[in-house]
Amino acid sequence: MTSAILPTYARADLAFEKGEGAWLTAVGGARYLDFGGGIAVASLGYSHPHLIEALTQQGQKLWHTSNLFQIPEGEKLAQRLVDASFADFVFFTNSGAEANECAIKMARKYQSANGHPEKYRIITFEGAFHGRTLATLAAGGQQKYLDGFGPKVEGFDQVRFGDHEALKKAIGPETGAILIEPIQGEGGIRPVPQQCLKGLRQLCDEHGLLLMFDEVQTGMGRTGKLFAHEWSGVAPDILSAAKGIGGGFPLGACLATTEAAKGMVAGSHGTTYGGNPLAMAVGNAVLDVILGDGFLDHVRAMASRLRQKLGGLQDSYPKIIEAVRGDGLMIGLKMVPNNGEFAVAARAEHLLVIPAGDNVVRLLPPLVIGETEVDEAVKRLYAACARMDASLNGVKA
Ligand SMILES: *Cc1c(COP(=O)(O)O)cnc(C)c1O
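What comes next concerns the included structure. Each chain carries its own residue numbering, running from 1 in the written order of its sequence. At least 70 in pLDDT is required for a residue's local features to be given in this predicted model, at least 80 for side-chain atom pairs to be given and counted, and no such filter applies to totals for whole chains, interfaces and linings, which use all residues. Calculated side-chain values reflect all of the structure's heavy atoms, with hydrogen atoms and water omitted.

## Focus: the site of the ligand
How we decide: By convention in these notes, a residue is near a molecule or strand provided one of its non-hydrogen atoms lies within 4 Å of it. Whenever a nitrogen or oxygen atom comes within 3.5 Å of another N or O atom, the pair is scored as a polar contact, on the condition that within protein one atom can donate a hydrogen and the other can accept it, and that pairs from neighbouring residues in sequence are kept only if both atoms are in side chains. What sets the accessible areas is the Shrake-Rupley method with a 1.4 Å probe; for residues, cover comes only from the shown protein chains. Residues are grouped as follows: Ala, Val, Leu, Ile, Met, Phe, Trp, Tyr, Cys and Pro are nonpolar; Asp, Glu, Lys and Arg are charged; every other residue, Gly included, is polar.
In the region of the ligand, 13 residues are neighbours, and Gly96, Ala97, Asp214, Gln217 and Lys243 sit closest. At a separation of 2.8 Å, an oxygen atom of the ligand approaches a polar backbone atom of Gly96. Within the side chain of Gln217, one N or O atom sits 2.7 Å away from an oxygen atom of the ligand. Taken by itself the ligand offers 380 Å² of open surface, and the protein chains cover 82% of this. Residues belonging to the shell around the ligand are distributed by class as follows: 3 nonpolar, 6 polar and 4 charged.

## Focus on empty space enclosed by the protein
Selection criterion: Cavities and pockets are defined on a 1 Å grid built over the protein atoms alone: a cavity is a set of grid points where a 1.4 Å probe fits but cannot escape, while a pocket is an open set with protein on both sides within 12 Å along at least five of seven lines, and lining residues are those with an atom within 4 Å of any such point. Grid points are joined across faces, edges and corners, and a volume is the space filled by probe spheres set on the points.
Counting across every chain of the model gives 2 cavities of 30 Å³ or more. What the largest cavity holds in volume is close to 50 Å³. Surrounding the largest cavity, Leu134, Leu137, Leu146, Phe149, Gly150, Pro151, Lys152 and Val153 form its lining. Here the residues of the lining of the largest cavity sort into 6 nonpolar, 1 polar and 1 charged. Within this model, the second largest cavity holds a volume of roughly 30 Å³. Lining the second largest cavity, in full, are Ala40, Ser43, Val216, Gln217, Gly219, Met220, Arg222, Lys243, Gly244 and Leu367. Along the lines of polarity and charge, the residues of the lining of the second largest cavity split into 4 nonpolar, 4 polar and 2 charged.

## Structural notes on the layout of surface pockets
For clarity, the threshold we go by: Numbering goes from the N terminus for both helices and strands, where a helix is a DSSP run of H or I of at least four residues and a strand is a run of E of at least two.
The calculated volume of the second largest pocket comes to roughly 810 Å³. If you go around the second largest pocket, you meet 31 residues; those closest to its centre are Asn67, Val90, Phe91, Phe92 and His269. Of all the secondary-structure elements, those providing two or more residues to the lining of the second largest pocket are α3 (72-83), β4 (89-93), α4 (96-113) and β12 (252-256). At 5 residues, α3 tops the list of elements feeding residues into the lining of the second largest pocket. Across the lining of the second largest pocket, the residue classes tally to 18 nonpolar, 11 polar and 2 charged.

## Here we look at unusual backbone geometry
This is how it is decided: For each residue, the accessible area found with a 1.4 Å probe, counting protein chains only, is set against the maximum for its type, and the residue is called buried under 20%, exposed over 50%, and partly exposed in between.
Phi at Ala40 takes a positive value of approximately 65°, unusual for a residue other than glycine. Tracing the backbone through its elements, the reader meets Ala40 in helix α1 (residues 37-40). Here Ala40 falls in the buried class, since its relative accessible area comes to 4%.

## Topic: the sheet that holds strand β2 (residues 23-26)
As a general point, the strands of a sheet are linked pairwise by backbone hydrogen bonds and lie either parallel or antiparallel. Inclusion rule: Two strands are counted as paired when DSSP detects at least two bridges linking them.
Reading across the sheet, the 4 strands line up as β1-β2-β3-β15 and stay open at both edges, with mixed pairing between neighbours. Of all the strands in the sheet, just β1 (16-20) and β15 (351-352) have a single pairing partner and so form its edges. The sheet contact formed by strand β3 (residues 31-34) and β15 spans 2 bridges and is parallel. For Asp34, the partnering residue across the bridge sits in β15 and is Leu352.

Right, here's the structure in full:
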């Protein structure tokens, strides 16, 4: 098929025209159970009535004003995020990469405002993903994404995931911050043990570094808490959120403490669209649901049901699934055969899942799934495993 869209994606030959809950309907009418959630974005599933209501109401009033004026809906959303988190301030963006750009700039500015402009370097971790802008690519440090794009943005030192000694050695006189995903998403659902998050907090406090959590994928209820770091009891100084925060509307946020934000004053940073009235109306509506009574309990209940059943799946197909890992409704199936082929097999069963690094298949379903969807997804995963099993045996025979 010829396409006028820049060919930066190897797209499946499948297009959807509507969605409801965790179900998508393809052009032609076939229904798919979506356990990818548009990459953890459709946190409340598709066509959620509360989101449609918020979007259409605001859509009829005012979409955009620029940040040269007060935006009451944004004031409200920022205050609610602050009330529900470690943070004192919020900067709204249109994407996760921009939220991380804000975090990176804020950390550098903080050290500079403290009289240490030389402390501009940030430690990141192998397998990380922080976005596709030049700075966030450098932060993620994945060679395949950096190749051919000229000199890497200076100031990022990457250490091996889980290598405590390397981490300590990497801290130098120019280090100003550490940036980490509490659970690596694109890198293959690799959780950072709670002990390590605590250790990072201590290390940052000892060395005067800012601790920054990239919760673009783990945040907004995905793990059964508003933010994944809450499980560890450790708070960051700066946090980036996006993906699920807008339920499908492009929205991101950078949250920070007063101390961490001290370098950011009028003119330090900006965005034309970020936090516009339409985005803010939807963001508030998403938060209404996520912070609603019992919602996160529901996420935890569905997660434990799913996790238990996936244990059974792994027991039944140890030659296909090597491990099940992750937290809440952010689950990785570490595959023995190729993860992309497994995603194709699942799609043949009309179940959408998402490949990630480390040969993992990700499950990132809408947080509103019920028992029916959990059970149905597991049934389809069994069928996909059976398909893979048959084709593996076929190859051997
Ligand atoms: C997706 C993702 C990003 C980038 O978000 P975009 O909205 O694509 O810019 C950054 N960090 C993490 C952890 C992500 O999962």
